[in-house]
Amino acid sequence: MSGLQDLKKNLFGGTTSVGRQFGMIFTLVAIILLFEVLTDGLTLTSGNLIAVVSQYSYILILAIGMLMVIVAGHIDLSVGSVAAFVGIVVAKAIQNFDLPWPLGIALGLVVGALIGAWQGFWVAYVGVPAFIVTLAGMLLFRGGNQFIGNADTVPVPEGFRTIGAGYLPEVGPATGYNNLTLLLGLIACLAVAWREWRSRKTRQEMGAEPAPLWISGLRLAVMVGVIIFATLRFAGGRVGTSLPVSGIILIGLVLIYSFYTRNTVSGRRIYAVGGNARAAELSGVKLQRVNFFVMTNMGILAALAGMIFVARSAASGPQDGLSWELDAIAAVFIGGAAVSGGLGTVSGSIVGGLVMALLNNGLQLMGVGVDLVQMIKGLVLLFAVALDVYNKSQGRFSIIDSITRPFRRDEPPAAVPPVESPRQTDKTPAAG
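With an unreviewed UniProt entry as reference, the protein chain is termed Xylose transport system permease protein XylH, source organism Kribbella sandramycini. For the record of the protein chain, the UniProt heading Subcellular location (unreviewed entry) holds the text "Cell membrane".

In structure tokens form, the structure reads like this:
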């Protein structure tokens with residue numbers, strides 16, 4: 001096999017062309033480089049990258065939960081209103097009852113879980129379509145936000161603001177960088193190297209041929225290089241800033257939910273339900289439990305996103321959460337999720353969300369008005385997805401389909417084990 005063929009097949013573990021594997025990554029890089037030139041180098045400055053993570057982390061958190069809802073074959077239009085409702089409830093509880101802010105966060109998560117369970121009950125056990133349930137929830141909790149807060153802003157204490165406006169503290173010797181951010185970058189580099197080594201060892205133990213050593217080295221060099229660049233940028237901001245706490249929360253959620261959706265039985269069942277609900281039910285999957293779970297989980301993540309936004313804004317207000325659901329849905333669909341369900345990944349949704357975030361940020365740095373920014377984002381979303389759907393229907397290169405390949409092993413299968421025929425069942429003695 002030639003070196004070019006090795007590169008095409010093994011660089012990120014795929015079996016399709018380089019363009020197919022790197023499509024969305026190239027799109028993201030192209031957007032960054034384009035705005036880096038158009039903004040005279042402002043896009044990749046430490047301050048701007050820190051601001052992007054701080055400003056858009058709550059949308060990316062919503063995208064994680066929205067992915068699971070969409071993969072299961074539903075949609076949630078209420079996440080912005082739920083986030084706003086939880087934000088005002090927590091702010092009022094802290095203000096009126098002198099509730100310690102850590103208990104305020106716990107209260108917010110409980111309220112979010114109850115709201116998600118309420119909507120999940122109607123979807124899973126009553127059978128009302130999620131579109132209708134969450135549309136009603138959007139109106140209900142938006143009104144609840146304004147009712148509880150009397151359409152006023154309610155401030156939150158300094159400690160609470162840490163989750164939305166805080167950064168890793170300065171510790172250790174003076175290096176000119178934030179040492180904790182450097183430590184996290186070092187851990188990330190070691191984790192990537194260990195995973196590459198473990199992947200090669202596992203393939204050898206299974207008798208499969210591992211990727212050529214130079215491919216593994218190139219892949220590792222690219223990933224470590226990206227991590228080092230990002231680490232130095234986030235660690236090299238002005239004194240007092242570094243990797244935002246909200247970014248750390250986002251990274252933790254991405255790792256947890258990526259593992260859950262890829263490597264657990266219950267996570268794979270979500271894909272099975274979205275891919276073919278009837279087949280999944282015949283294979284023993286409890287549809288009601290899956291649907292109830294994804295809606296409840298969405299409520300919890302919406303509550304967390306709402307509290308992070310309130311913490312960053314230092315107050316809860318009646319305009320919180322407006323159109324958040326649209327940004328989250330856009331991130332998921334740009335990230336490769338299928339409208340019909342059963343397809344999509346957490347990492348793909350994060351990449352899709354970053355594309356929209358950096359597009360929005362770059363236009364703002366150029367001084368483009370909010371009205372034009374919204375119009376451009378809408379057109380980009382429409383044409384990107386439309387072009388991708390057309391290309392997939394023609395069997396050509398598809399950007400959306402390429403999103404998940406650099407980040408996953410394989411799409412969680414929705415395969416269903418064969419069901420025994422009645423005749424075979426009759427002949428098989430029942431287990432005692």
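Colleague: An account of the overall build of the protein chain is requested, with residue identities and associated values reported.
Modeller: Within the protein chain, the regular secondary structure consists of 18 helices and 2 strands. When each of the 432 residues of the protein chain is scored for burial, the buried share is 47%. Of all intrachain contacts in the protein chain linking residues separated by at least 6 positions in sequence, the fraction that spans at least 24 positions is 77%. As displayed, the protein chain offers around 21200 Å² of accessible surface, 67% of which is attributable to carbon and sulfur atoms.

Colleague: Report on the side chain of N179, specifying residues and quantitative values.
Modeller: The topology assignment puts N179 in helix α8 (residues 179-205). Exposure remark for N179: the relative accessible area of 16% places this residue in the buried category. Side-chain polar atoms of N179 contact the backbone oxygen of P173, separated by 2.8 Å. Those residues in contact with N179, other than ones at most four positions away along the chain, are V171, G172 and P173.

Colleague: Talk me through the pattern of salt bridges; I want residue IDs and the actual numbers.
Modeller: Side chains bearing opposite charge may pair, as long as their charged atoms lie close to each other. Applying the stated rule across the entire model yields 4 salt bridges. Its salt-bridge partner being E158, residue R161 comes within 3.3 Å of it at the nearest N-O pair. Here E281 makes a salt bridge to R278, at a shortest N to O gap of 3.4 Å. Of the two residues, E281 and R278 both sit in helix α12 (residues 277-282), 3 residues apart, roughly one turn of that helix. Overall, R278 belongs to the exposed group, its relative accessible area being 54%.

Colleague: So what about the nonpolar core? Which residues, and what values?
Modeller: Counting 72 residues, the largest nonpolar core has I61, L62, I64, M66, V86, F160 and I270 as its most contacted members. No other element matches the 15 residues that helix α13 (residues 287-313) contributes to this core. Non-local contacts of L62, meaning those with residues more than four positions away in its chain, are made with V79, M298, L301, A302, A305, W324 and A328. Formed by 18 residues, the second largest nonpolar core is a distinct cluster that contains L49, V52, V355 and V373.

Colleague: How would you explain a nonpolar patch on the surface if you had to name every residue and give the values?
Modeller: Residues W118, F121, W122, Y125, V126 and L140 make up a contiguous nonpolar surface patch of about 590 Å² in total accessible area. Looking at the nonpolar patch element by element, the count peaks at 5 residues for helix α5 (residues 101-126). Mapped onto the elements, V126 comes out in helix α5.

Colleague: Describe in detail the packing of helix α10 (residues 245-263) against helix α11 (residues 265-275), supporting the description with residues and values.
Modeller: Two elements in contact, α10 and α11, have axes whose closest approach is 5 Å; the angle formed by their N-to-C orientations is 70°. Judged by the inter-axis angle, α10 sits roughly perpendicular to α11. Taking contact as the criterion, the partners of Y260, T261, R262 and N263 in α10 are, on α11, V265, S266, G267, R268, I270 and Y271. When its residues are assigned to classes, the contact of α10 with α11 shows 4 nonpolar, 4 polar and 2 charged.

Colleague: Break down the layout of surface pockets for me, citing the residues and quoting the values.
Modeller: As a volume, the second largest pocket reaches approximately 590 Å³. Forming the walls of the second largest pocket are 24 residues, and the residues nearest its centre are Y56, D327, N360, Q374 and K377. Looking at side-chain class alone, the lining of the second largest pocket contains 14 nonpolar, 7 polar and 3 charged residues.

Colleague: Requested: an account of the packing of aromatic side chains, with residues and values cited.
Modeller: Applying the stated rule across the entire model yields 9 aromatic pairs. Note on W118 and W122: the rings are 5.6 Å apart at their centroids and 75° apart in plane angle, and the pair reads as edge-to-face. Of this pair, W118 and W122 both sit in helix α5, separated by 4 residues, roughly a single helical turn. Relative accessible area serves as the criterion here: at 45%, W118 is assigned to the partly exposed category. Taken together, a centroid distance of 5.7 Å and an interplanar angle of 75° make the contact between F121 and W122 edge-to-face. On the basis of relative accessibility, which here comes to 38%, the residue F121 falls in the partly exposed class. Residue class for W122 comes out partly exposed when judged on its relative accessible area of 32%. Through a chain of ring-to-ring contacts, the aromatic side chains of W118, F121, W122, Y125 and F292 assemble into a single cluster.

Colleague: An account of the packing of helix α3 (residues 46-71) against α13 is requested, with residue identities and associated values reported.
Modeller: At a minimum axis separation of 8 Å, α3 and α13 run at an interaxial angle of 175°. With respect to each other, α3 and α13 are oriented roughly antiparallel. On the side of α3, the interface is formed by S54, Q55, S57, Y58, I61, L62, I64, G65, M66, M68 and V69, while α13 contributes F293, V294, M295, N297, M298, L301, A302, L304, A305, I308, F309 and R312. Classifying every residue of the contact of α3 with α13 gives 17 nonpolar, 5 polar and 1 charged.

Criteria and cut-off values
- Positions within a chain are numbered from 1, following the residues in the order the chain's sequence is written.
- Given that this is a predicted model, residues contribute local features only at a pLDDT of at least 70 and side-chain atom pairs are listed and counted only at 80 or more, while totals for whole chains, interfaces and linings are drawn from all residues.
- Each side-chain value is worked out from all heavy atoms of the structure, with water and hydrogens disregarded.
- UniProt positions are given in the numbering used here, feature names are shortened, and annotations may be inferred rather than shown by experiment.
- For the purposes of this entry, the term helix denotes a DSSP run of H or I that reaches at least four residues, the term strand denotes a run of E that reaches at least two, and both are numbered from the N terminus.
- The buried label applies to any residue whose accessible area, calculated with a 1.4 Å probe on protein chains only, is under 20% of its type's maximum; exposed applies above 50%, and partly exposed to all values in between.
- It only takes one pair of heavy atoms within 4.5 Å for two residues to be counted as in contact.
- Computed with the Shrake-Rupley method and a 1.4 Å probe, the accessible areas treat only the protein chains shown as cover for residues.
- Any N or O atom pair separated by 3.5 Å or less is treated as a polar contact, with the protein-specific requirement of one donor-capable and one acceptor-capable atom, and with residues adjacent in sequence counted only for side-chain atom pairs.
- When a carboxyl oxygen of Asp or Glu is within 4 Å of a side-chain nitrogen of Lys or Arg, the pair counts as a salt bridge.
- Take the buried residues of types Ala, Val, Leu, Ile, Met, Phe, Trp, Tyr and Cys, join any two whose side-chain atoms come within 4.5 Å, and each joined set is a nonpolar core.
- Patch rule: a residue counts if its relative accessible area is over 30% and it has no salt bridge; like charges are joined within 9 Å, and nonpolar side chains (Val, Leu, Ile, Met, Phe, Trp, Tyr) within 5 Å.
- Geometry is summarised by axes, namely lines fitted to C-alpha atoms with helices restricted to the contacting stretch, and by angles between N-to-C directions that run from 0 to 180 degrees.
- These descriptions rest on fixed angle ranges, namely under 35 degrees for roughly parallel, over 145 for roughly antiparallel, 65 to 115 for roughly perpendicular, and the rest for oblique.
- In the scheme used here, Gly and all other residues not listed as nonpolar or charged are polar, with Ala, Val, Leu, Ile, Met, Phe, Trp, Tyr, Cys and Pro taken as nonpolar and Asp, Glu, Lys and Arg as charged.
- Definitions used for this entry: grid spacing 1 Å over protein atoms alone; cavity, a set of points where a 1.4 Å probe fits but cannot get out; pocket, an open set with protein on both sides within 12 Å along at least 5 of 7 lines; lining residue, one with an atom within 4 Å of a point.
- Grid points are joined across faces, edges and corners, and a volume is the space filled by probe spheres set on the points.
- What counts as a ring pair is set by centres within 6.5 Å for rings of Phe, Tyr and Trp (its six-membered ring), and what kind of pair is set by the plane angle: stacked under 30 degrees, edge-to-face over 60, tilted for all other angles.

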